[in-house]
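# Remarks on the overall topology
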Amino acid sequence: MRLSVPRSVLADHLQVVSRAIPSRSTVPVLEGVLFESDGNRMTLAATNLEIGISTSFAVSHTETGKVVLPAKVVDIIKRLPGESVQINVDTANYHTDIKSGQADFQLYGTSGDEFPAVKAREDETPVCTFTIKIEELRRMLRQTLFSVSYEEGKGAFNGVFFSLKEEKISLSSSDTFRLATTSGAVQNKNGKDADFLIPGRILQEVNRIFDDEDDVITAALYGGRFFLSCGGKEAGFRLLDDNFPNVSRVIPSDFYARASVDAISLQRALERAVLLSDGINQVVRLAVEQDMLTIRAASKYGRIQEKLPLSMEGEKLEISLNARFMLDMLKNCEGEACSLDFVGHNKPCVMRDPLHPQFLYMVLPVKT
Amino acid sequence: MRRIIHVDMNAFFASCHQAREPGLRGRPVLVAGDPGERRGIILTASYEARASGVKTAMPVWQARKLCPEGLFIRPDHRLYLDYSRRILDILLRYTPLVEPYSIDEAWLDVTGCGRLFGPAEEIALDLQRRLGDELELPCSVGISSNKFLAKMASERQKPRGFTVLYPEQVPAVLWPLPVGEMVGVGRKTIPVLQEMGVATIGQLAAMPVRLLSGRFGVMGEILHQLARGHDESPVDPSALDSVKSVGHSVTLPRDISDPAEVDTVLLDLCDKVARRLRRSGCLARTVSLTVRDHNFVNMTRARTLGEPTGLTEVIYHTAREIHRHSFEPWRKIRLLGVTVSNLTEAGVGHQLSLFGADSERLERLTRTVDRLKDRFGDDSLQRARLCQTKGGGPK
């Protein structure tokens, strides 16, 4: 295999696939990047078996072939001195020459035959397939990824639950102490609905793989894997084999009090209160009255009290909440106001962003 | 300058038996576990027995050979606790600033006691005499201006020692000593220090602190300070009140490797640990499992949970996972131990959970079982799995 390619193009594509290279794997071939050429296009691929990423681009002066190069290739290409890169693979032993400017690397590659398939198989029919705008997908992930449990062994709570119904998809996540749910519009390509669960840890990569230029993303669910693709880029995500609890059942519908407060002011006040909040639960006490929200926190180091104006309907109440949980939502609240709905003392608090009515976040209180 | 006294009871367990039964005084008393149950090691030997070469942690059979006339006594922890409390009562007559360090050791800060009781040396002599007269218990005392030096001083002379060790004496007295004699330098630290060329306390004091903190972190800095005789830590009367960990271990009557048998032992241990944990009013976040195999190789592995727990079930599941994950199944197990640490006070700010209906029901059940056991005794209610006699059949 032999090719010539602009260094910046190759570096950018390697950057994308590098997110999937495992630092240590029981399967040595995975600790590298697959380079595969069909004569017109170059495909790069990497996988840690949780997530697989591939990307392809047009190349000139190329021969067909494939090779797995060690992960070091990512940094090597990034640091090459010249504008273009010449790569030449010795098909007998996979030794690969990389030349750019006056620099001349030889990397000891291995055969690409053992590398697992990263892309979706084109002959398979997807369980469901749809297209979605990148900004819509990114918004939904932003609104749900923060309440996933990143502690190992939490089953369904380690993932984001996707539920596709006709032209709408909803995403939900919970670490059992809080729950986030949101939805967005999609174009359903084969009219089929589906529910599936994807580990939150690998979904975080979506933002690093796709950017605003990608515009519309194609999504497809094939047995056991969920694929997102756009342009030459494709990412496959392993599914979690757990049952996510029924979200609609736990969201309260009757409220004792509904309040609205300036989101930035609340965020700043909680950031101050958390400095003196107690223990690992970072408890703050909220007293909600007709036109005033009082935030209190205390620990062995001292105490803080701060008042914020608020508009409210319903009865006044006091509730203790984990400030960190509230801040997680406020950081992702894009509207000027944030609405807080209360069911009662020792009952959940529901937070909403009026700019995104589909987004709902529920925090369970700290029992005092 | 502060005035600190360290009181260290001599051969405490053995002395307690001798204090209770005057007939044992002056005779070689050996407190040891049951050899039949394979717990046959010497816990404490009286000085009369030590004269024949008996040492702590020696197997009973070996001690018998060395000291055939020795009186072997099973440990009686209630007796020791009772004497420990009576010792504390006497120490508290001098100052409220008493920090018990273990069942048989304590520090006193007598800086402000001069007008009432005279200088620290007089107080130390007086309390040593009183412990001897009122309780018939011997002790060694160390006097200095900080806790570390006071403890190092009381270690210098045993039994019935009286040692004064002020910072200006450190180069002459402490520095020539092997570094292993220093409080805070354990079995694991010695070889590392030796590798760095440190054999004596003086060499440790002369070591650039940068090298020590590079190797041991914060502990390196502390060791360096101690070796120079510096210790600012206050005598804290509440230090022992705050429980730091709760643990139980058992040496098994025979080596086991069958996972089902291991699980049963683990459940029993976790049940005991969890109950003591709940009694202390705490929740724990870290579970550690210690395994000693048939070759006497010890291994400890720990896991930290996302949220603190007081439930037997959660501790048991974690301990079981550690066992499955970290210990080879073929290893024959001689001793199992479960410890929980990273404790927080229960009840203050309990984060409610959305899908935690199961654990709340379990908590209610646990509370009920605890109340029943409090009222009718620990044996009144038992998990079915633990209702096994040694023959394997139900009780």
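Residues numbered from 1 in each chain as written. Chains lettered and ligands numbered in written order. Predicted model: local features only at pLDDT ≥ 70, side-chain atom pairs only at ≥ 80, totals over all residues. Heavy atoms only, no water.

### A few points about the packing of helix α4 (residues 77–91) of chain B against helix α6 (residues 120–135) of chain B
All names here are of chain B. To be explicit about the condition: Every axis in this analysis is a line fitted to C-alpha atoms, fitted for helices over the stretch in contact. Angles between the N-to-C directions lie between 0 and 180 degrees. Every helix listed is a DSSP run of H or I at least four residues long, and every strand listed is a run of E at least two residues long, numbered separately from the N terminus. Geometric relationships in this document are graded by angle, where less than 35 degrees denotes roughly parallel, more than 145 denotes roughly antiparallel, 65 to 115 denotes roughly perpendicular, and other angles denote oblique. Helix crossings are classified by the rotation of the near helix relative to the far one: an anticlockwise turn of less than a right angle makes the crossing left-handed, while a clockwise turn makes it right-handed. Two residues qualify as a contact provided that any one of their heavy atoms is within 4.5 Å of a heavy atom in the partner residue. Each residue is assigned to one of three groups, with Ala, Val, Leu, Ile, Met, Phe, Trp, Tyr, Cys and Pro labelled nonpolar, Asp, Glu, Lys and Arg labelled charged, and all others, Gly among them, labelled polar.
Remark: α4 packs on α6, axes separated minimally by 11 Å, with the N-to-C direction vectors making an angle of 135°. When the axes of α4 and α6 are compared, the pair comes out oblique. At the point where α4 passes α6, the crossing takes the right-handed sense. Residues Tyr-83, Arg-86, Ile-87, Ile-90 and Leu-91 of α4 pack against Leu-127, Arg-130, Leu-131, Glu-134 and Leu-135 of α6. For the contact of α4 with α6, a count of residues per class yields 7 nonpolar, no polar and 3 charged.

### Points about the domain arrangement of chain B
Residue and element names in this part refer to chain B. Put simply, the test is: Each domain span listed reflects an automatic or database assignment of domains. Note on definitions: buried area is the accessible-area loss of two parts on being combined, 1.4 Å probe, summed for both. Criterion for a salt bridge: a side-chain nitrogen of Lys or Arg within 4 Å of a carboxyl oxygen of Asp or Glu. For this analysis, a polar contact is any N or O atom pair within 3.5 Å, provided that within protein one partner can donate a hydrogen and the other can accept it, and provided that sequence-adjacent residues contribute only side-chain to side-chain pairs.
Here chain B is partitioned into domain 1 (4–11 + 79–168), domain 2 (13–77), domain 3 (174–227) and domain 4 (237–386). Taking only C-alpha atoms, the centre of domain 1 and the centre of domain 3 are 27 Å apart. Opposite the 6 residues of domain 1 that make contact, domain 3 presents 7 residues. Summing both partners gives a buried area of about 620 Å² for domain 1 against domain 3, and 83% of it is carried by carbon and sulfur. The largest per-residue losses of area from domain 1 upon contact with domain 3 belong to Phe-148, Met-152 and Arg-156, which jointly make up 77% of the total buried on that side. Taken together, the connections running from domain 1 to domain 3 amount to 1 salt bridge. Close ionic contact of Arg-156 with Glu-181 constitutes a salt bridge, the shortest N to O distance being 3.7 Å. At the junction of domain 1 and domain 3, the tally comes to 0 residue pairs in polar contact (both at pLDDT 80 or more). Split by residue class, the side of domain 1 that touches domain 3 holds 4 nonpolar, no polar and 2 charged.

### A look at the interface of chain A and chain B
Our working rule: Only strands joined by at least two bridges in the DSSP assignment are considered to pair.
In this assembly, 19 residues from chain A lie in contact with 13 residues from chain B. Roughly 1400 Å² is buried in total at the junction of chain A and chain B, and carbon and sulfur atoms are behind 66% of that figure. A per-residue breakdown of the area chain A buries against chain B is headed by Phe-177, Ile-280 and Lys-367 of chain A, which together make up 33% of the total. Connecting chain A to chain B are 0 salt bridges. Here the side of chain A that touches chain B is built from residues that sort into 11 nonpolar, 5 polar and 3 charged. Here strand β28 (residues 366–367) of chain A runs beside strand β13 (residues 350–351) of chain B; their pairing, made up of 2 bridges, is antiparallel. Directly across from Val-366 of chain A, in β13 of chain B, lies its bridge partner Gln-351 of chain B.

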